[in-house]
Amino acid sequence: MDKGIIELINKIPGWENKMPYQGAFAVKPFGRMAGRPVKCVVPGKDKVLELDKVLDAVELKDGMTISFHHALRNGDLVMQKVVAAISRKGIKDLTLSASSLSLVQDALLPYFEDGTITAIDTSGARGRIGEFIQKNKLKKPAIFRTHGGRARAIESGELHIDVAFIAAPTCDKYGNINGVQGKSACGSLGYAMPDAEYAEQVVAVTDGLVSVPLEYVSIPQTQVDYIVEVESIGDPSGIATGSIRISKNPAELVISKYVAEVIKYAGLLKEGIIFQFGSGGIAISAAGFVQTEMQRTGIKAAAGIGGASGFLTEMLANGYIGTFFDPQDFDTKAIESLYFNSRHHEISASAYANPFSANPYVNLLDVAVLSATEVDINFNVNVLTDSYGKLIGAPGGHPDAAAGAEVTIVALPLLRGRLPMLLEKVQTVVTPGETVDVLVTDYGIAINPKRLDLYEILQKTSLPVMTVEELHQKAQKLAGVAEKTILGDRVCGLVEYRDGTIIDVVYDLP
Amino acid sequence: MNSLYRTMFFVPGNDPKKIIGAEIYRPDCIIYDLEDSVSIFEKDSARILVKYALQYNRPDCRVGIRINQADSPYYGDDVSSMVPLQPDFLRLPKAETAEDIKKLDVLITEIEEKHAIEIGAVKIVASIETALGVVNSYKIASASKRMLAIGLGAEDFRTDMRMERSEDASEILFARNLISLNAHATGIMAMDYVYSNIKNIEGFRADVKLGKQLGYTGKSVVHPNQIGVVHELYTPTIKEIESAKEILNAYEDALKNASGVTSLNGKMIDKPMVTRAMSILSYAKAAGMEV
């Protein structure tokens, strides 16, 4: 990365020590974890208050950091309700820390325009908030963190949250929260857990207030200071999609089948395998092909890790997977599984992927099957911006799983429409190529030269193994050489690697 | 590129996305269609698209082009514009007589000469789609040295025969049998008909199995999901390969020792068994299996 950019970043208060990316495991942590203040609640105290009164009680002031989780995805109404109330109080200059920002958060735009929010700390951004960032209208560049990286930043004190507002599908009057019950059930609250544990003050916002102690607790009452009851925290149709099923798209099935064959031929499909399959159609279909092979051979997986969808939780229920460790759920079936299946465990974003912990779950992965927006000939992956440099996604757990897994497979079509997806250089580096082992496309499979062991095995099979350069040439031959995208010259976003270093930046759009 | 024709995958010649994407399904052969899937308003643009596809992005597999039938106004332009692209073959629909093949042979020869293409390089696959065509299938198959394969066009054949389609396709069984018989009698390939119910993969699987039993070399397919099924069923299993190897080893030993009688595990090995074993191994090799 350009030295000048880092110097520029280092001039921003709070980011004086930010360093450029140095290697997936190059940075060694030091020091101790941060912590929330000690508290005491006397017996009988009622935690339930009106939102306006809670904002007074937590003493929210200009310049503070507020946080939210994104488990309600595109159905979330909590961010809008809370920020609108804050704006009405005239509080300004807040940092919005969210585990991610879905399209529904376009509704927050007026509060960016009126200066209520002036900084963003998130995993992803898209839509009108993404445009706002790329118009360079924030006070300082937005920071895009991985799920594990965000947990690390919170736990190390780098990201200090003043008030965490936690959308709570079910909450008892004592403050215990779960995401598996209630009309707005969203499943695992893994991404809210670090916020609840480390924020100065924690506010549960719920449309499922109950008067008896919960039997299933995701976030305990000991971490929750106040409870706000609202009519609705979200639109169920946007929270959990219908079950994500095996793709019917023949081209996606080609890719999925290759992924499953790579796993099989590389010798990864052995008794006790631990894997992560992303939530997209290709990854789920690959899981389907792997399941067929497991059925044929009798092999069972010891564990599944990562976002859960109905197909994977069916595999869990049917005994193909022994245990599932789940920081987020994508559909209703997965949510039900988390609630009812005792082998399905809810884990925090930190347990899932924090690189500076004694051992995050991603480190257990034998194989991770991940998607990509773009990849390049150095195996770098972009999942944040599109081919035109526009914010459309999020690092999410991509860099975390890629770093942790013994074999990381990135699967995507070689072309989307008439645009090549394998480039000489990706628009934005989010996951470093050194953590990606195999690139699977519909036109061929390329293996990272650092994995000579995999190359030697796979090139002997009937799989279409080729060099990444050959695959790149194929993409260019089919789609032509893409013209260089014209970006602005002002940095409006930092792409943080999971260890806290800066792996790339996002530029404004002219 | 393998040398098999297990699958001939039809791709509409007027659909750029499908033309570009066809190779990812790794069929043994792609047939760019200028006939039924292309409306009469797009015949010329389909020729242009197929031309560019073959000039700039020729797939790494066998290539055929289905031209329009001999009595259509597009036939002449199809042949004259496609032969210079040197496809492996032209597929002639609704072939009814040996004359249809001879006429096409002459036309192809003229164009090959004009473009300095080796005479005979572009082969012919005939699709037989009428009762008369089925009756004449031996003559069609033996009408030219360019003949590579014959196959049944089942939908048009049913129409010509006033047949109703049944689930198990029993109404076309005789024609399928006869076409396979005549293909083998003339030493060319028998290419099985298009199974058009693309949603019924299990029905398709049963149909491919039957075609293989009837002596077909491969199958024409219209959907990507059908390709894997055909390849699976037409590719020998490990057990078949091992058995073929044993037969050939025993046969070679017998030849070396001039023992006269060849047997394996108490069973006599005869010439057809040896030929079948060699065919299995050549299929396995061509499919990229270690033999």
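Residues numbered from 1 in each chain as written. Chains lettered and ligands numbered in written order. Predicted model: local features only at pLDDT ≥ 70, side-chain atom pairs only at ≥ 80, totals over all residues.

## A word on the domain arrangement of chain B
Next, step 1: What the domain assignment reports for chain B is domain 1 (7–234) and domain 2 (238–286).
Next, step 2: Taking only C-alpha atoms into account, the centre of domain 1 of chain B sits 34 Å from that of domain 2 of chain B. (Domains from an automatic or database assignment.)

## Examining the domain arrangement of chain A
Residue and element names in this part refer to chain A.
Next, step 1: Here chain A is partitioned into domain 1 (45–239) and domain 2 (250–484).
Next, step 2: With centres defined by C-alpha atoms, the gap from domain 1 to domain 2 works out at 29 Å.
Next, step 3: Each partner contributes residues to the interface: domain 1 has 32 residues there, and domain 2 has 31 residues.
Next, step 4: Considering every element that reaches the side of domain 1 that touches domain 2, the biggest residue donor is helix α6 (residues 147–156), with seven residues.
Next, step 5: Taken together, the residues of the side of domain 1 that touches domain 2 break down into twelve nonpolar, 15 polar and five charged. (Contact = placed C-beta atoms within 7 Å. Helix = DSSP H or I, 4+ residues; strand = E, 2+ residues; numbered from the N terminus. Nonpolar A, V, L, I, M, F, W, Y, C, P; charged D, E, K, R; others polar.)

## Some words on the packing of helix α10 (residues 281–297) of chain A against helix α11 (residues 310–317) of chain A
Packed helices, taken two at a time, are described by their axes: the angle between them and the distance between them.
All names here are of chain A.
Next, step 1: Taken N-terminus to C-terminus, the directions of α10 and α11 make an angle of 25 degrees; their axes are 9 Å apart at the nearest point. In terms of orientation, α10 lies roughly parallel with respect to α11. Considering only the axes of α10 and α11, their crossing is left-handed. Contacts from Ile284, Ala287, Gly288 and Gln291 of α10 reach α11 at Phe311, Leu312 and Met315.
Next, step 2: Along the lines of polarity and charge, the residues of the contact of α10 with α11 split into five nonpolar, two polar and no charged. (Axes fitted to C-alpha atoms, helices over the stretch in contact; angles between N-to-C directions. Parallel < 35°, antiparallel > 145°, perpendicular 65-115°, else oblique. Left-handed = near helix turned anticlockwise from the far one by under 90°.)

## Quick look at the environment of Val134(B)
Residue and element names in this part refer to chain B.
Next, step 1: Here Val134 shows up in helix α5 (residues 131–135).
Next, step 2: Looking at Val134, the number of C-beta atoms within 10 Å reads 23, which means it is buried.
Next, step 3: Separated by 16 residues in the primary sequence, Val134 and Glu118 place their C-alpha atoms 31 Å from one another.
Next, step 4: Every residue in contact with Val134, bar those within four places of it in the chain, is listed here: Ile128, Phe157, Ala175, Leu178 and Ile179. (Buried ≥ 20, exposed ≤ 12 C-beta atoms within 10 Å, placed from the backbone.)

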